[in-house]
Structures are given as C-alpha cells and as structure tokens.
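Here's the letter readout for the chains.
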Amino acid sequence: MSQVERLEAEAREAIDNAGTREELVQVRARFLGRKGSVAAILRGIGELPAAERGPVGAAANEAKQKIESWVAERRAALEASGRAADLAEHRLDVTLPGAAPPPGRLHPVTRVFRDVIAFFASMGFAVQDGPEVETDWNNFGALNFPDDHPARDIQDTFFVEGGTVLRTHTSPVQIRTMTGRTPPFRFIAPGRVYRHDSDATHTPMFHQIEGFMVDDRTTLGDLKGILHAFARHMFGPDTELRFRGHYFPFTEPSAEMDFSYRGGWMEWGGCGMIHPEVLRNCGIDPERHQGWAFGMGIDRTAMDRFGVPDLRLMFEGDVRLLEQI
Amino acid sequence: MKVALGWLSEWIPLPDSTDALVERLTLGGLEVEERIETGPDLEGIVVGHVVECGPHPNADRLSLCRVDAGGEEPAQVVCGAPNVAQGQKIAYAPVGTRLPDGKKLKKAKIRDVVSFGMICSERELGLSEEHEGILVLEGDPPVGAPVSEALAGADTVLDFELTPNRGDWASMLGMAREVRSHFGGEIRVPPTAPPEEGEPASAAIAVDIDDPEGCPAYVARVVRGVQVGPSPDWLQARLEAAGVRPINNVVDVTNLVMLEFGQPLHGFDLGTLRGARIRVRRAASGEKLVTLDGQSRALEPDDLVIADAERGIALAGVMGGAETEVSDATRDVLIEAAEFHPTRVRRTARRLGLHSESSYRFERGVDPEGVARAADRAARLMAELAGGRVAPGRVEARGEPLPHTAEVRLDPVRVDRLLGTDLDAMAVRELLHRADFTVHEEGGVLVAGVPSWRRDVTQEADLIEEVARIYGFDRIPETLPVAPVAPVEIPWRLTVAEAARDALVAQGLVECFTFPFAPPDDADRLGLTAGDPRRGTVRLQNPIVEEHSELRSTLVPSLLRTAAHNLARQADALRLFEVGPVFLAGGGEAGLPAEPLHVAGILTQGDRESGGLWAAHERIPLFFLVKGVAQRALFDLGYASWCRPEEGDPEPYQHPGASCRLGVGERVIGSVGELHPETAARFGLEAPCAVFEIDLSALQDAPRREIGFAGISRQPMARRDLAVVVDASCPAGEILEAIRGSAGSELVGLELFDRYEGKGVPEGKVSLAFRLAFQREDRALKEGEIAKRVDRVVKMLAHRFGGQLRN
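Residues numbered from 1 in each chain as written. Chains lettered and ligands numbered in written order. Predicted model: local features only at pLDDT ≥ 70, side-chain atom pairs only at ≥ 80, totals over all residues.

### Things to note about the overall build of chain A
And then number 1: Looking only at helices and strands, chain A features 11 helices and 10 strands.
And then number 2: Computed over C-alpha atoms, the radius of gyration of chain A comes to 42 Å, more than 25% over the 20 Å expected from 2.2 N^0.38 for 325 residues, which places it beyond the range of a compact globule.
And then number 3: The C-alpha extent of chain A, read off along each of the three principal axes, is 130 × 45 × 45 Å.
And then number 4: In chain A, buried positions account for 43% of the 325 residues.
And then number 5: Intrachain contacts of chain A at a sequence separation of at least 6 include 64% that bridge at least 24 residues. (Helix = DSSP H or I, 4+ residues; strand = E, 2+ residues; numbered from the N terminus. Rg over C-alpha atoms; globule rule 2.2 N^0.38 Å. Buried ≥ 20, exposed ≤ 12 C-beta atoms within 10 Å, placed from the backbone. Contact = placed C-beta atoms within 7 Å.)

What follows is the structure in structure tokens.
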C-alpha cells in the first residue's frame, strides 16, 4: 500500500468517525489544511526521484479531491441529523390559545350604514349630512307640515330651548341639499334622528337613511325600481316589495313599503314623489322638475341581521352584545 | 279606528273574502293594524255545498244529504233540520271537528244510516240561540273555505290606522265610501229624518256664534221627554266593538251617530241650560269650567267655549261640562252638531291633554254638509230608543266657512309623467270618479269637483295621489332611472368618522352608540371650570326624564357610564369608543348649536396582571395604552400628533399627573389621560380607566402628515444601542427630541426600547435605552463616522441631562 493509499484510508476512517461539524472541520484541516497530510506529501515531491514525482503528485491530488467529497458528504449527513435533533427539541403546546390582539368591532348600525352607502354609491348617489338640532322650518315647515296640524303628531318631537327641535327624521337634509341646487341630482343622507318615545321597539334616538332624486323625468316607477333593488341588496335576492298608499306631508303620492319576511310583510319605510310645495320651498320649479324621496329606519335591519331582540340593547354599549356580533 | 265588518256590511256590500278586503284597503292607504275575530272558535268548520238532499229511508223528519266540502267526494250527512235543501251553502262540521260547545264530532249511525259529520245551526256554531233550522250561508262562499270567513261580517273587527289627512275615513260612511271606491256597490245610508211633534225647537233655544272663525256652523235639535236608561244590547255591542264605552241611551246615540257619520255630537240636559240660549265664544281670561270628568279647567282666550246665557257649558269639540250633562233625571235634550275650527280644537285638546273621539275628528275636519244630517239622525234615534219627542225644526247658526277648493284641474298627461304609468284620460277620469270626484273635461284638462268631505284635496298632486291610490301602487311598473353619470361626493365629516372607526377597531376597540342625552350636572361631575365652553349645553324643553334633559357637549360622560354599566356586569379590561357629534349652544348657523364631530375612547384596567394573555407578564400603565391608541388613530387618519403636558391646563376630569393635551400642528385637538379618582368615584367606576377625546372636526384644517415613498437606501444601516441613566423626573420626550437634534442627518431611526428603575440604578434615577439607526443614501457609513455621531449624542446627554452611560 502506498503512502497516499494509507493516507486515504486514514482520512476515510477519521471522517466517518467525526461526530460533529466541529470535529469534521478539524479532520479536514488535518488532511487538507495548509499543514495537513496531503500538503506534506505534495511538499515532499521534490525529494522523490524524478520518475515518481508525476504519479505521486497525481495520486495526492486525486486523494485530495476524494477527501474533499467525503467531507462534504459527511457534513451534509451531520447537518441533516442536527436539524432533525433541533426539530425534535422545539416542541410547543400548540393547544395553548393564540395571542391575537383584542377583538375590535364596529357597531351593527355602522356596518349596516356602510352597506347602504356602498349600495347607493354604486348607483351614483352622493352622500349628504346635516345637523341633528334643526330649525322648525327645515324639519317641518319646508317639508309642508302645516302649523298646528295633526300631521305633526305622528312625529313625537323633542323640542330644544330656543325654538329648534331635535330632527325627527333625516328629511331636513333633503331641504338643505335641494336648496340652491339645480337638478338633476341624487343623494342619500344617513343619520341619527330623535323621537319622544321609548319601549322595546322604539328608542328616543335611532337611525334613518334618506334618499332622493330630482330631475325632469324620474317617476314613481323609478322609485319602485330603486327600492326593490335596494331591498334585494339588503335582504336577499328573492325579496319582494309591497307599496301601500300612505300620507306624508312632504310627498305626494306617498306610500309605505313592506318587504317580504318569513312568509309575511315587514314594514320598512316611507316614500313618494316629492310634494310640489317642498320643491318650491327649495327654489325648484315643480313645473319643470320632479323627483322622489324615501326614508327608512336602519336599526331594525341591523337588529334582524344580527338577531338582536330588543332595540334598546343596541344603544346600551354592552360589550357582551357588541363583541358577539 | 275599529270597524265591525257586520256593521259595515249594512252600509255597503263587502267582498266575500275578508283577506281581499283587508289587502285592497291596506294597499290603498287605509292600513289594517289588527284583525280581531270576535266570534266563537270555528276552526275546522267549513263551507259545504248540499249537492243532494233526499228523505232518510228510516225516518220521516230526517233528511239524507250529500255535502261537498271540497274533499274527494261528497260526504253523507244525516240532517234533522226542516229547512235543509239541495243547492244550499251551509256550515259543515266534518268528523273530528270540535264544536264551540266543546263537543267533538264522531262518526254516528242515525237510524241505521251512517252520518259523517253535521250541518250546523247558529246555536251549534255559537252564533246565537237560533236552533229552528240550519244556518244557510248567504252570498256564494267558496266550498271548503273556513266558515268563519264566510261569516266574517258577523264576527271580524278591523282596527284601521288612519292617516292624519283623512278625517273623513273616521266613520262608517267614510269606510263605506272607501270600500265602494275599490269594490263598487251602493252605499245604504240609514234613515235620518226624525218624526217631529210639539213646539218648534226655536221656541226652546236660540244660537249665537260670537266667534265666527272658531265655529263655521252650529246646528241644534231639541228632543223632549226622553227616558234616560241603558241602551239596547245591539247598540251597546256596536259601541263596544268600536272601543266606545256605553253610558246611557241618549249619550250612546250621540256616539253611535258620530261613528256612523263622523260628526261628533254633544247632548246637553236642556233643563239645566240658563236663558234658552247657546253662545259660541272665546273663553274669557281667567274663566273656569268643570268638565264631564269632574276636573276644573282653567281656560285661555284661544279656547272655544259653548256657553248659555250665563256661563260656559262645554269646551267646544273637546269635552262637555259637568253641570249640563245628561243624567238619569234629564227630560229634555239639546243635541249639538257643529263644525269647529280644527286648529282651535287641536290647541285646546293638546294643552289640556284631552284627546277624545270628538277632538280627533274635529282636528281633522268634519264634513260641513253632514252636520245637520247627524243632528237629524240623533234626534230620530232618541225618539226611537229613548221615547223622546223631536221638536220640529233645527236651530242653526253659521260662522265663517273653512276654505274648500271646489275644483281642481289635472292635465292627464301629468299622471303618466309622474307615476310612470300608461293611463289615458278616460282611465284617469274613471279612477277619480271612483274616488268620489265629479269630473269633466275642459280643453284637454280634467276638472275634478272635490267632495265637501275632502278638504285635503287642493291641487293637482292631490288628484294624482288619488289616481295612484285607487289604481294601486302595485300596478305601477317598476323601472330604473336613466340619469347622467356624476362623481359621488362623500362629505368629509362622514369620511373622517369612518376612518376613525377603522383606525380604532384595528386597535381592538369596540364601537358603541349611546344616546346623546345628558343630565344637567355632568359639567359639575366632570369638574369643568366656570368658563369652559362645554358648559354651554343645549337644553331640551320636553325631556323624557330629567337625566336626559340636555345634549352632551363631550362624549366622555357617556363612555364613563357605558364603562360603569359594563363593569357592573363583570366585564373586564374594556376597550370602547364612540364617534358622534357634541352640541355647543349657539355655535352653529341660524342660532343652531355647533355640532363638532368627536371621537372618544375608554380603556379600563383588567383585573389580571397579564392583561388576559397567558404569556405576558408586565402591565403597561393605562395612560400609555390610551395615548398609543389615540396617536396611532390620528396617524392612521393622516396626522402627526403631539402630546405635551405643558400645553394648556389638564382636563379637570383627568389625573393631573397622568394626562396631557393632544395636538396636531399648532392646535390642541383633544386630550388623553387616566381618569381622575374623584371623577371615577362620581361615575361609579372602581377599576382604573383612561380616556381620550379628539375633535375630529378640528382636523379638517389641520396639516396632514406627508404620506409618500421616500426611496429605500441600498446602503447598510448601522444600529447602536445606548442605555443612559438620568434623573427619573427628566421627560423622555425631551431626551428623544434632543437626540434627534444632535445625532445628525444620518439618523434614520430612533426608538426608546427600555425604561428601567431598580436594582443597579441609583435611587431617583432611571435607565433609558435607545436604539439609534444610521444610514446614508449614497454610501456605507464608516465605523469611525458612526462612533463620532454616537459620541456626540452621549456628550449631549451628559451635558443637558446629566446622563451617564450604563454598561
């Protein structure tokens, strides 16, 4: 056995016996390092007879490559088993609860409002708002409520000292928006409104959405079409809508809408063609322009969507409700 | 208004199906709120058709019938009634039915013939004592339908919700007209002309109207020699079905006629009147009147009073007086039928809280042409039912008639233009005609004559509404508008509210909505100073309760109450917020309050150190949580905010040592702080809380932070950590600012990542650890350059803050 062959056998054994990467690094240095065995053989070539120099040099270089590949193989093997050991060691109780941030929640009414606004924005309706304390004119007079008329009784009003009122509906926004604007236009007005009333289905504050459109041609048929599309968006694609004749001072003809609900009808809101007097009050000529308006409560939709049985629960701020839904 | 269909059917033929009636009336605007079945329980009993009727093989007085009740084949039924005959529609109770008396029907063998069920008499149906024969159903009710429907007229009461414009509906006559407009038929008005005898009424009474505006018409009738006593059963039953309490025959007649014709009446005991004179006048100031309910009422000049020669005897249209009330001793009656001004009646009724069937109708207006008729009808019934003698003639007086538009013009083209229908002039005419308008044409325009009872109709739109109502909203075709495309504007107020909600929800806060009502002493409860603008609250005139008598000028108290509500219900570590307006008196346009939009939040200390998370061990003081939430929210809204304790006085309701003002740009826009312990006690809050409130409206003009991509440096970033020991009283905010100022322009990141007091740090000192990050755009920084900058910072810290590097 030549010196080189002995060296290879020795290296093979040492590499196979290296149990860690550190040992392997040392083994490699012993054989392939600058002061290693292979280097020593190569350095000694000059002292050999000329005829041996070539074959010994070649054999040493071959050995170097062999050893290098054995080291690489051994290193890969050691790494693989090391990783397996690491993986075996890192064990969590994965059934411990996850550490999510605390659950933030939007109020159900906010969610329904967003849904409503998104729907109407898709139909090209802009959004308007207005103050919650309103003048008698904006809340009643301009909307064609005569003074001292039973029509005012429908809306149990909170009166504010100084002759103003808490708006009883979102319709004053209609007045504010139409005044000084030239048709065509279409808007919705979401907002809070107030009535002097309190029981399981009435709270002194609740939420409405108002919608209106004025141009020179839009009809009651258009109003029906828009509301039906809206109802299907809110309550499902099979929702039917029913229009009942009604009376509101600010629309004529006026109707109330019901949507189909569990085999019956659920009251939804009111609508109609904007009364010519209301248009006139806003500086719009009813001979040239016409339009429609609708309004409905939002809270009951939110209650129904989230299964809340009592309207008052919506405004108590009880986290046991708010965090559930 | 409650209407018994049996009664209504005497006025007008009703459709066979009550469902159809209810549906049509409801769609036409006369909403049925409730349908009350007052008769016996007739479940299971159906309409049967006697298809065969022959003699019973074994009994002379029995018949053997075959009854078709909608089943597969007619049932064999033995019947003992003499009036049963082939072709009749009858009430058939099949085997298994439970009759109103509780008996359950079984298959029976009668004289060897099996009878499957029974043909019922009225007594067996519990309708009356009639048992001479079977009940033969009138009309042509559908075979197999529940018999209760075929009998609906007798035992169904519909409770209608009347709209305020249609006072004319508040009577049988009005209901009959409405039914006619939908289903046709002829109205049968009960007879009104009374038999007259004796001295004329004018000998007994004279009528003067001193207030012609208040009383357009007054009609008096005199009935002598009445016997006051209980009304007959049928009359009492009618009143009761309509929700009116029977009193005695004279009063009941006035109420019955009111229900029939919609004209309220009043009966005076003629013997108690002084001076044989009725005067309709304004109340004198300081005048008092004891009304029927025994209450003494202080009157005002706006009140309309019925007086005799000496004193007030009734509040016109609202309530009669006690002294002239019809009693058992009454012999002669004065019947008052009048038209009073709606507004005057309404004001008095409202002021005194006396809302009655009478005031209800006067407020909505009565038919001026029905006044005398009602007086006649009442006189006739008093003669019939109370044995009175009607004095010949009416005594009438007139004031100023109320406005009535006799004719309204309608261009039929406008109907389709507004409704989107396709109706021609003929169709429009026909529809208006059905709604009781007379119609003729003048040059292509329809001219509608408005009936006397429709004072609500004054213009074209009113007629179009009638057309839509009678035609049916359900028949108007659905379309979608054709409109120009235009950009959709969303107001800033809505945008910022939604953005604030998102920013807070993202940080784990829960949104609540509370009422904006506040008690008058919230400003004191918060300890607001005398000059604080939030003391300028808006007061309600008619709050539901005193605790809700003002509108809030800050969102904080609502949140404190909401937190207390939740804590009282075992909630822990609350994180709540609300977005909404606050109200500041006189700050808005046209005398309205200012309504800036605010957002406020509250965090409460959880009862566990870890804050609920099993792996966390240290609690961050609440103040920093709420400060972080508020500033992060502002950042997300697009604003760089500051938090400076030296800016303004602390909020009086916040802890003076753990609160500060929040600002954007030059302006203070809110505050953050832990709750002052005294405030907490006043709101019943036991757990520590911290709150923030931000005026979102103030942000509209505030400078927004620059949002945009500033490039990414390809050069390596060098990070250096520094721990410095300084006086504990030294504000960390100032140190951060100072480091930023001295580290040079290559400082791209600065973070305070640890604060430590305790072992290893001298008493009264604190160790603050900062991480500084340096980077250049164009090249890597050299070690020496970094060291130089860090050294500059260290020297500055030592110089300005006495800071010592900690190892």
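Moving on from the model shown.
### Re the overall build of chain B
And then number 1: Of the regular secondary structure elements, chain B holds 20 helices and 39 strands.
And then number 2: A compact globule built from 807 residues would reach a C-alpha radius of gyration of about 28 Å, whereas chain B, at 42 Å, exceeds it by more than 25%.
And then number 3: Along the longest, intermediate and shortest principal axes, the C-alpha atoms of chain B span 130 × 80 × 60 Å.
And then number 4: Here chain B holds 807 residues, and 43% of them are scored as buried.

### What about helix H17 (residues 622-637) of chain B?
Residues and elements named next belong to chain B.
And then number 1: For H17, built from 16 residues, the straight-helix expectation of 22 Å at 1.5 Å per residue is met to within 8% by its first-to-last C-alpha distance of 23 Å.
And then number 2: Among all positions of H17, only Leu622, Phe623, Val626, Lys627, Val629, Ala630, Ala633, Leu634 and Leu637 are buried. Take H17 and look down its axis: the buried residues cluster within an arc of 160 degrees, on one side only.
And then number 3: Close packing links the buried residues of H17 with helix H14 (492-506), strand S31 (597-604), strand S32 (641-644), strand S33 (654-664), strand S34 (667-675) and strand S35 (689-695).
And then number 4: Just past H17, the residue Gly638 takes up positive phi, approximately 105 degrees. (Expected span 1.5 Å × (residues − 1). Arc of directions from axis to C-beta.)

### Quick look at the confidence of the model for chain B
And then number 1: The pLDDT averaged across chain B works out to 92; a share of 98% of its residues lies at or above 70.
And then number 2: Scored as a whole, the predicted complex attains pTM 0.82, and scored at its interfaces, ipTM 0.84. (pLDDT = per-residue confidence, 0-100.)

### Topic: the packing of helix H1 (residues 3-17) of chain A against helix H4 (residues 50-89) of chain A
Residues and elements named next belong to chain A.
And then number 1: H4 packs onto H1 with a crossing angle of 5 degrees between their chain directions and a minimal axis gap of 10 Å. Classed by the angle they form, the pair H1 and H4 counts as roughly parallel. Within the contact between the two elements, H1 uses Val4, Leu7, Glu8, Ala11, Arg12 and Ile15 and H4 uses Val56, Ala59, Ala60, Ala63, Lys66, Ile67, Trp70, Val71 and Arg74. (Axes fitted to C-alpha atoms, helices over the stretch in contact; angles between N-to-C directions. Parallel < 35°, antiparallel > 145°, perpendicular 65-115°, else oblique.)

### Some points on the domain arrangement of chain A
And then number 1: Domain assignment breaks chain A into domain 1 (3-89) and domain 2 (108-322).
And then number 2: Each of domain 1 of chain A and domain 2 of chain A has a C-alpha centre, and these two points are 88 Å apart. (Domains from an automatic or database assignment.)

### As for the sheet that holds strand S25 (residues 445-449) of chain B
Residues and elements named next belong to chain B.
And then number 1: Strand order in the open sheet formed by three strands is S23-S25-S24, with antiparallel pairing between adjacent strands. Looking at the sheet topology across the chains shown, the edges are occupied by strand S23 (407-410) and strand S24 (438-442). Along the sheet, successive strands turn relative to each other by an average axial angle of 25 degrees, direction set aside.
And then number 2: With four bridges connecting them, S23 and S25 associate as antiparallel partners. Each residue of the ladder has a partner; that of Arg409, found in S25, is Val447.
And then number 3: Along the sheet, helix H13 (residues 460-471) contacts S23 and S25; its crossing angle with S23, the most-contacted strand, is approximately 75 degrees. (Pairing = 2+ DSSP bridges.)

### Topic: the interface of chain A and chain B
And then number 1: Opposite the 73 residues of chain A that make contact, chain B presents 79 residues.
And then number 2: For the side of chain A that touches chain B, the secondary structure elements donating two or more residues are helix H5 (108-122), strand S1 (126-127), strand S3 (159-160), strand S6 (205-215), helix H8 (220-235), strand S7 (241-248), strand S8 (251-261) and helix H11 (319-322) of chain A.
And then number 3: With seven residues, the top contributor of residues to the side of chain A that touches chain B is H8 of chain A.
And then number 4: A per-class count over the side of chain A that touches chain B returns 36 nonpolar, 20 polar and 17 charged. (Nonpolar A, V, L, I, M, F, W, Y, C, P; charged D, E, K, R; others polar.)

### Some points on the sheet that holds strand S1 (residues 2-4) of chain B
Residue and element names in this part refer to chain B.
And then number 1: Strand order in the open sheet formed by three strands is S1-S10-S2, with antiparallel pairing between adjacent strands. Looking at the sheet topology across the chains shown, the edges are occupied by S1 and strand S2 (31-37). Within the sheet, the average angular offset between the axes of one strand and its neighbour, ignoring direction, is 25 degrees.
And then number 2: Here six bridges tie S2 to strand S10 (residues 156-161), and the two strands are oriented antiparallel to one another. What sits directly across from Glu31, in S10, is Glu161.

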